[in-house]
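# Coordinate inspection notes
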Amino acid sequence: MLGAGLALAAGPGPALAQAAHPLLAGSRLQGEGTLRFFGLAIYQARLWTLPDFRPADAAAHPLVLELAYQRDLSGDAIARRSLQEMRRAGGFAEAQAERWLAAMQAAFPDVKGGDRLTGLHQPATGARFWHNDRPTGTIADPAFSRLFFGIW
């Protein structure tokens, strides 16, 4: 479902010359990639950043991550897998994990092939999420946002 270590390909090409993402003025497409599981495409990921983005300090920069799903998945499964990957990236208390899981379950609807989930990382504020351009939730916790977007 989610892919820790998903490599986003960057470099010249028509996809990388696209206009800014509407959720992040002045952004540019930094890279994109497809997560495959046993050869099956799960989603296409696209990352938009501002020109001063530095990967070594990614959590300090606003960014937009868009996942275009190619398979049907439950929102609960997406939230649970996200939490599992976040645990690999950093430690946090079980009570915090339960709060974050509940917030993600509320923000992540079931998806069908062709649906998009989009997240906006706001370093000092937290994260905002959309499903097919419709807002689904805000998680006003910078620590959550840092760990969630850090799994990509």
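### As for the pairing of strand β3 (residues 63-69)
Counted residue by residue, β3 has six buried out of seven residues, so it is predominantly covered. Where strand β2 (residues 40-49) meets β3, seven bridges bridge the pair, whose relative direction is antiparallel. What sits directly across from L47, in β3, is L65. Two strands pair when backbone bridges link them, and β3 and strand β4 (residues 116-122) are joined in this way by six bridges, in the antiparallel orientation. Paired with A68 across the strands is R116, a residue of β4.

### Observations concerning the confidence of the model for the protein
Do not read the predicted coordinates in detail wherever pLDDT is low. Here the protein averages 89 in pLDDT, while 88% of its residues score no lower than 70. The low-confidence segment residues 1-16, where pLDDT is below 50, has 49 contacts with residues more than four positions distant or belonging to other chains.

### Thoughts on the pattern of salt bridges
The final tally for this structure, using the stated rule, is seven salt bridges. Between E66 and R116 there is a salt bridge whose closest N-O contact spans 3.2 Å. Taken as a pair, E66 in strand β3 and R116 in strand β4 lie far apart in primary sequence, 50 residues in all. Exposure remark for R116: the relative accessible area of 23% places this residue in the partly exposed category. Among the salt bridges present, the one from D76 reaches R80, with a minimum N-O distance of 3.0 Å. Residue D76 and its partner R80 are both found in helix α1 (residues 75-89); the two are separated by four residues, about one turn of the helix. Residue D76 is classed as partly exposed on the basis of its relative accessible area of 34%. Here the salt bridges do not stand alone but share partners, grouping E66, R116 and D133 into one network.

Basis of the calculations
- Going along each chain's sequence as written, the residues are numbered from 1 onward.
- Thresholds applied to this predicted model are a pLDDT of at least 70 for local features of residues and 80 or more for the giving and counting of side-chain atom pairs; totals over whole chains, interfaces and linings are not thresholded and use all residues.
- Excluding hydrogens and water, the side-chain values take into account all heavy atoms of the structure.
- The classification of residues rests on relative accessible area computed with a 1.4 Å probe and restricted to protein chains. Under 20% of the type maximum is buried, over 50% is exposed, and intermediate values are partly exposed.
- Comment: elements are numbered from the N terminus, with helices defined as DSSP H or I runs of at least four residues and strands as E runs of at least two.
- Here, a strand pair is defined by DSSP locating no fewer than two bridges between the strands.
- The quantity known as pLDDT measures the predictor's confidence residue by residue, on a range of 0 to 100.
- Whether two residues touch is decided by their heavy atoms; if any such pair falls within 4.5 Å, the residues are in contact.
- Any Lys or Arg side-chain nitrogen located within 4 Å of an Asp or Glu carboxyl oxygen qualifies as a salt bridge.

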